[in-house]
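Structure assessment
Below, each chain spelled out in residue letters.
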Amino acid sequence: MSKTSGEHSLLVLENYIGGKFVSCRSYIDSYDPSTGEVYCKVPDSGKEEVDAAVAAAEEAFPEWSARSPEQRAKILHKLADLIEANLEEFAQAESKDQGKTITAARTVDIPRAAYNFRFFSTSMLHHTTDCSPMDHMGCLNYTVRCPVGVAGLISPWNLPLYLLTWKIAPAIAAGNTVVAKPSEMTSVTAWMLCKLIQQAGVPPGVVNIVFGSGPRAGDALVSHPEVPLISFTGSTATAQRITERSAPYCKKLSLELGGKNPAIIFADADLDQCIETTVRSSFLNQGEICLCTSRIYVERSIYSEFLERFVAAAKKWKTGVPSDPSSKNGALISKEHLEKVRSYIALAKSEGGIIHCGEGLDQLDLPERNKSGYFMPTTVITGISDSSRVMQEEIFGPVTCISPFDTEDEAVARGNGVRYGLSATVWSKDVGKVHRVAQRLQAGLVWTNCWLVRDLNLPFGGMKNSGVGREGGKDSYHFFTEVKSITIKH
Ligand SMILES: NC(=O)C1=CN([C@@H]2O[C@H](COP(=O)(O)OP(=O)(O)OC[C@H]3O[C@@H](n4cnc5c(N)ncnc54)[C@H](O)[C@@H]3O)[C@@H](O)[C@H]2O)C=CC1
Ligand SMILES: N/C(=C\C=C\C(=O)O)C(=O)O
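An unreviewed UniProt entry lists the protein under the name 2-aminomuconic semialdehyde dehydrogenase, with Oreochromis aureus as the source organism. As stated in UniProt under Sequence similarities (unreviewed entry), the record for the protein gives "Belongs to the aldehyde dehydrogenase family." The UniProt entry for the protein carries the following comment under Subcellular location (unreviewed entry): "Cytoplasm".

Right, let's get into the site of ligand 2. Taken together, 13 residues sit near ligand 2, with N158, Y162, E256, C290 and R454 positioned nearest. In this structure, Y162 approaches ligand 2 through a side-chain N or O atom, which is 2.6 Å from an oxygen atom. Its free accessible area being 320 Å², ligand 2 has 98% of it covered by the protein chains. Classifying every residue of the shell around ligand 2 gives eight nonpolar, two polar and three charged. Residue contributions to the shell around ligand 2 reach at least three from each of two domains, namely domain 1 (11-258 + 466-489) and domain 2 (261-448).

This part takes up the domain arrangement of the protein. Split by domain assignment, the protein resolves into domain 1 (11-258 + 466-489) and domain 2 (261-448). Here domain 1 and domain 2 have C-alpha centroids that lie 31 Å from each other. Counting across the interface, domain 1 meets domain 2 through one salt bridge. In this structure, R369 and E37 form a salt bridge, with 3.6 Å as the shortest nitrogen-oxygen distance. Linking domain 1 to domain 2 there are ten residue pairs in polar contact (both at pLDDT 80 or more). Of all the secondary structure elements, the ones that give two or more residues to the side of domain 1 that touches domain 2 are helix 3 (87-98) and helix 4 (102-123). It is helix 3 that contributes the most residues to the side of domain 1 that touches domain 2, three residues altogether. A per-class count over the side of domain 1 that touches domain 2 returns seven nonpolar, 13 polar and five charged.

F117, I168, I172, L193, V207, I209 and L291 are the most contacted members of the largest nonpolar core, which totals 75 residues. The biggest single contributor to this core is helix 5 (residues 160-173), with ten residues. Looking at which domains feed residues into this core, each of domain 1 (11-258 + 466-489) and domain 2 (261-448) supplies at least three. Those residues within four positions of L291 in sequence are excluded, and the remaining contacts are N261, L422, S423, L445, W447, W451, L452 and F460. One finds V341, V390, V412 and V434 within the second-largest nonpolar core, a separate group that totals 29 residues.

This part is about the UniProt feature "active site" (unreviewed entry) in the protein. According to UniProt, the positions carrying the feature "active site" (unreviewed entry) are E256. Mapped onto the elements of the fold, E256 is located in strand 13 (residues 252-256). Filtering out sequence-adjacent residues up to four positions away, E256 remains in contact with F232, T233, G234, C290, L422, F460 and S466.

This brings us to the site of ligand 1. Taken together, 28 residues surround ligand 1, and among them W157, E184, S235, K340 and E394 come closest. Between ligand 1 and W157, the relevant distance is 2.7 Å, taken from an oxygen atom to a side-chain nitrogen or oxygen of the residue. Backbone polar atom of G214 to an oxygen atom of ligand 1: 3.2 Å apart, as the coordinates give it. Protein chains bury 86% of the 810 Å² of accessible surface belonging to ligand 1 in isolation. Put simply, the parts of the chain that give the shell around ligand 1 at least two residues each are helix 7 (214-222), strand 12 (229-233), helix 8 (236-246) and helix 11 (335-350). By residue number, the principal contributor to the shell around ligand 1 is helix 7, which donates four residues. Lining the shell around ligand 1 are residues from two domains, each supplying at least three of them: domain 1 (11-258 + 466-489) and domain 2 (261-448).

Once that is clear, we can look at the sheet that holds strand 17 (residues 379-382). If you trace the seven strands from one edge of the open sheet to the other, you get 16-17-18-15-14-20-21, paired in mixed fashion. Two strands lie at the open edges of the sheet, namely strand 16 (354-357) and strand 21 (445-448), each paired on one side alone. With strand direction ignored, the average angle separating the axes of adjacent strands in the sheet is 20 degrees. Across three bridges, the pairing between strand 16 and strand 17 is antiparallel. Across the sheet, the residue bridging to C357 is V380, located in strand 17. Contacting strand 14 (261-265), strand 15 (293-299), strand 17, strand 18 (399-405) and strand 20 (423-427), helix 9 (residues 271-283) runs over the sheet at an angle of about 155 degrees to strand 15. Contacting strand 14, strand 15, strand 16, strand 17 and strand 18, helix 10 (residues 300-316) crosses the sheet at an angle of about 145 degrees to strand 15.

Each value, and the rule that gives it
- Residues numbered from 1 in each chain as written.
- Chains lettered and ligands numbered in written order.
- Predicted model: local features only at pLDDT ≥ 70, side-chain atom pairs only at ≥ 80, totals over all residues.
- Heavy atoms only, no water.
- UniProt positions renumbered as here; feature names shortened; annotations may be inferred.
- Near = heavy atom within 4 Å.
- Polar contact = N/O pair within 3.5 Å; in protein donor to acceptor, adjacent residues only side chain to side chain.
- Areas by Shrake-Rupley, 256 points an atom, 1.4 Å probe, with all protein chains shown as cover.
- Nonpolar A, V, L, I, M, F, W, Y, C, P; charged D, E, K, R; others polar.
- Domains from an automatic or database assignment.
- Salt bridge = Lys/Arg side-chain N within 4 Å of Asp/Glu carboxyl O.
- Helix = DSSP H or I, 4+ residues; strand = E, 2+ residues; numbered from the N terminus.
- Core = buried A, V, L, I, M, F, W, Y, C linked by side-chain atoms within 4.5 Å.
- Buried < 20%, exposed > 50% of the residue type's maximum accessible area, 1.4 Å probe, protein only.
- Contact = heavy atoms within 4.5 Å.
- Pairing = 2+ DSSP bridges.
- Axes fitted to C-alpha atoms, helices over the stretch in contact; angles between N-to-C directions.

The following block contains the structure:
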């Protein structure tokens, strides 16, 4: 495994295929978002590398799928132990590669990656299947669930190891083998994971990681005839492309996509708790989480008070160098993404929107070497029409819009008035009201009086353009297995 290129002292990653680290013919530059400097070379894999990885996964499948869930779980628990034993090294790497704060990487991303392996390997021990006696026909029917084969897993850059392992763990715990392609912008922790996969005793070929761009490596995986299943997290546009490319093979797809998530805040909400949580839900991880709140609808009678207190709290949400433990936000993923996020602020201004906080890098007190980093302060906008692109499109940055409403029906209609349907939050002390509104909201996940309270058993996924399918707990088990109905005449 090579670690640095002598000439430039850059970190050089290698693909992990059939239990071996393999170099590639060409490489993609990967940047440190906090400085804007290239610091890593990521394999620019294509069809050849993906074909080799799929062949290795196919070869490993019969033996791995024949093992018992307990045998697989034992290895996956060891892998979780190894991630935990190397937590600090992984957290430092994730923070440098993604731009997120070291605190987020230490307390959220890496612990969750380890937990994904523990949770899914354990939960696989508890699933049962169905039985229909059919005695009147002299038959017994029962169902079994079989692993699908080689699973293709494509993950994004916002929660790199967290979302990659959310896919790898249930897939292999259920007996599949996998070819995974992490985002080319955040590949380092996936590469580090490969070493631990070896150490934990995961047999060669069970997990193969091929690094590279979406249009080359990703497309080769999606259109590979021997990969019957694709789990993807990322943008709606890429999901549409994946759907088209996989259609000739009738692949099983799970697509977890973007959001334009509303918070609906009624006058009787506990404002202290609501403001603290809604600031977090708007800005956590630089707003680069598909579940982040980006449209806040507030009942008119408390609108002024809410806005004043929210803006004051947003200003305190410190954007700074990722390694500084006092930073709440680090840098955005890339220069292009920073420009995209900024373009929405410019659009809001051109449409008469009021920017209450968040303009200008000069607000941030950054050391000289971080001045070329992709930092963006927390931004609060009001005075924008619901029909504006600012209110309709996923910005995926630390930007949130606030608007007043008058009635429950209006709040629901406006909450539902976008093409996305991933998550929503509802704030009120009236249980009847939160239940009513939660039922009417078109969103795969609704949190009331809280946000991002997670149990990995719960179904996770979106409606409308936010996705197809659900993962988590038994939904992951169902997705990563095929059901077979067996009838025995007796
Ligand atoms: N979790 C989420 O909901 C995410 C949402 N996004 C949204 O998407 C926007 C664009 O970000 P991108 O990085 O361009 O997201 P993307 O959807 O293009 O990238 C996600 C993954 O898909 C892969 N990919 C790209 N094109 C592919 C193709 N043709 N076939 C197979 N795989 C492909 C990428 O290499 C990456 O691993 C963001 O600004 C954000 O709004 C992005 C990342 C995560
Ligand atoms: N899928 C995403 C977040 C998942 C969070 C969770 O499982 O707790 C995303 O941001 O794309």
